[in-house]
Amino acid sequence: MRKNIVAGNWKMNTTLPEGLALAKGLNEALKGKTPNCDVIIGTPFTHLASVAAVIDTNKIGVAAENCADQAAGAYTGEVSAAMVASTGAKYVILGHSERRAYYHETPEILKTKVNLALANGLTPIFCIGEVLEEREAGKHFEVVDAQIKGSLFDLSAEDFGKIVLAYEPVWAIGTGKTATSDQAEEIHAHIRATLAAKYGKEVADNCTILYGGSCNAGNAKELFSKPNVDGGLIGGASLAVDKFMPIIEAF
Ligand code: 13P
């Protein structure tokens, strides 16, 4: 059976002291509670090791928000998957629309990053999603299919089984404009069918598919009630414990 997950993506927010305070606050809020989902926080590289050191990593998984497309060497400023794994992080967010748009990450680059993440024991949280013009042109299904096929479909079924997907319509990210739960369910079901056609029903049924894009305490319950929506990847609302906890508790 697939896991439900609520994951935060802090993006380029919080100084180290602020990030540590946020992580400790979440850790405190989860004490004595057993959420019905796995909880993950995605933090800037600079915070990973210190965050992992101050939380109960059995309760909260730590994710990087990116990793390099090279294993090691003369790549000034880059952070490898091995380095991420050495901090205690267990996950890495890859293919976020902000990285595709602003840092020109292509399906081919992302394929390399996914392979390096898996080779270093990290679980990729792989983001896909269409921009507004693509949705309005009715192309959202083919866009997400191409993103999945372009970066993931060379994986063995065993390796694909380690991937978490996050459907994040770009028009819903940071805009306050959430996809309706029916829109999310429709495309999540489509994604699962695409996975089933390639890897079979069992692999598809076991794949966790998160929704991301203006998910908050007010809409999480409705979104997570849909059979193919297995949780959320949360941006803005993951930056405050009192906004993030109700999303975790929406399961
Ligand atoms: P918001 O929740 O701020 O819309 O961001 C979503 C997102 O991009 C998570 O990766």
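Residues numbered from 1 in each chain as written. Predicted model: local features only at pLDDT ≥ 70, side-chain atom pairs only at ≥ 80, totals over all residues. Heavy atoms only, no water.

An unreviewed UniProt entry lists the chain under the name Triosephosphate isomerase, with Parabacteroides chinchillae as the source organism. UniProt, in its Sequence similarities (unreviewed entry) section for the chain, records the words "Belongs to the triosephosphate isomerase family." UniProt annotates the chain under Catalytic activity (unreviewed entry) with the comment "D-glyceraldehyde 3-phosphate = dihydroxyacetone phosphate". (UniProt positions renumbered as here; feature names shortened; annotations may be inferred.)

J.: I'm lost on the UniProt feature "binding site: substrate" (unreviewed entry) in the chain in this one. Help?
T.: Feature annotation in UniProt places "binding site: substrate" (unreviewed entry) on Asn9, Trp10, Lys11, Gly174, Ser214, Gly235 and Gly236, given in this structure's numbering. The greatest C-alpha distance among the annotated residues, which extend across 228 residues, is 13.9 Å, indicating that they converge on a single site. Lining the largest cavity, from this annotated set, are Trp10. Its place among the elements puts Trp10 in the loop between strand E1 (5-9) and helix H1 (16-30). Those residues in contact with Trp10, other than ones at most four positions away along the chain, are Gly19, Leu22, Ala23, Ile41, Gly42, Thr43, Pro44, His47, Glu65, Ser238 and Leu239. Within the secondary structure, Gly174 is located in the loop between strand E6 (164-167) and helix H9 (181-199). (1 Å grid on protein atoms, 1.4 Å probe; cavity = no way out; pocket = protein on both sides within 12 Å on 5 of 7 lines; lining within 4 Å. Helix = DSSP H or I, 4+ residues; strand = E, 2+ residues; numbered from the N terminus. Contact = heavy atoms within 4.5 Å.)

J.: Even after reading the chapter, I still don't get the site of the ligand, so can you show me in this structure?
T.: The ligand sits among Asn9, Lys11, His96, Glu168, Ala172, Ile173, Gly174, Gly213, Ser214, Leu233, Gly235 and Gly236. Measuring from an oxygen atom of the ligand, one finds a side-chain N or O atom of Asn9 at 3.0 Å. Glu168 has a polar side-chain atom sitting 2.9 Å from an oxygen atom of the ligand. Tallied by class, residues from the shell around the ligand come to three nonpolar, seven polar and two charged. (Near = heavy atom within 4 Å. Polar contact = N/O pair within 3.5 Å; in protein donor to acceptor, adjacent residues only side chain to side chain. Nonpolar A, V, L, I, M, F, W, Y, C, P; charged D, E, K, R; others polar.)

J.: Explain the sheet that holds strand E2 (residues 38-42) here, please?
T.: With parallel pairing, the eight strands of this closed barrel are ordered in space as E1-E2-E3-E4-E5-E6-E7-E8. The mean inter-strand angle of the sheet, taken between neighbouring strand axes irrespective of direction, is 25°. Sheet topology places strand E3 (residues 60-64) next to strand E4 (residues 91-94); two bridges connect them, and they run parallel. When the bridges of E4 are listed, Ala64 appears paired with Val92. Relative to the sheet, H1 contacts E2 and E3, its axis offset from that of E2 by approximately 170°. Against the sheet, H9 touches strand E5 (123-128), E6 and strand E7 (209-212), its axis set at about 145° to E7. (Pairing = 2+ DSSP bridges. Axes fitted to C-alpha atoms, helices over the stretch in contact; angles between N-to-C directions.)

J.: Is there a simple way to explain the nonpolar core in this structure?
T.: As a rule of thumb, nonpolar side chains are buried together in soluble globular proteins. In terms of nonpolar packing, the biggest core is built from 66 residues, with Leu152, Phe160, Leu165 and Ile191 touching the most fellow members. In this structure Leu165 touches Phe126, Ile148, Leu152, Ile191, Leu195, Cys207, Thr208, Ile209 and Leu210, once residues within four positions along its chain are discounted. Within the second largest apolar cluster, twelve residues are counted, among which are Ile5, Ala7, Ala63 and Val164. (Core = buried A, V, L, I, M, F, W, Y, C linked by side-chain atoms within 4.5 Å. Buried < 20%, exposed > 50% of the residue type's maximum accessible area, 1.4 Å probe, protein only.)

J.: I tried to follow the UniProt feature "active site" (unreviewed entry) in the chain on my own but got confused; where do I start?
T.: Residues annotated in UniProt with the feature "active site" (unreviewed entry) correspond here to His96 and Glu168. The named residues occupy 73 residues along the chain; their greatest pairwise C-alpha distance, 8.3 Å, places them in one compact cluster. Checking the named residues against the largest pocket, the ones that line it are His96. Residue position: His96 is located in the loop between E4 and helix H4 (97-102). Residue His96 is classed as buried on the basis of its relative accessible area of 4%. Beyond its immediate chain neighbours, meaning those up to four positions away, His96 contacts Asn9, Lys11, Cys127, Glu168 and Ile173.

J.: I keep staring at unusual backbone geometry and nothing clicks. Help me out?
T.: The bulk of non-glycine residues show a negative phi, and the bulk of peptide bonds are trans. A positive phi is found at Lys11, a non-glycine position, where the angle reads about 55°. Inspection of the secondary structure assignment puts Lys11 in the loop between E1 and H1. Positioned with a positive phi, Ser214 is a non-glycine residue whose angle comes to about 55°. Within the secondary structure, Ser214 is located in the loop between E7 and helix H11 (220-224). For Ser214, a relative accessible area of 17% puts it in the buried group.

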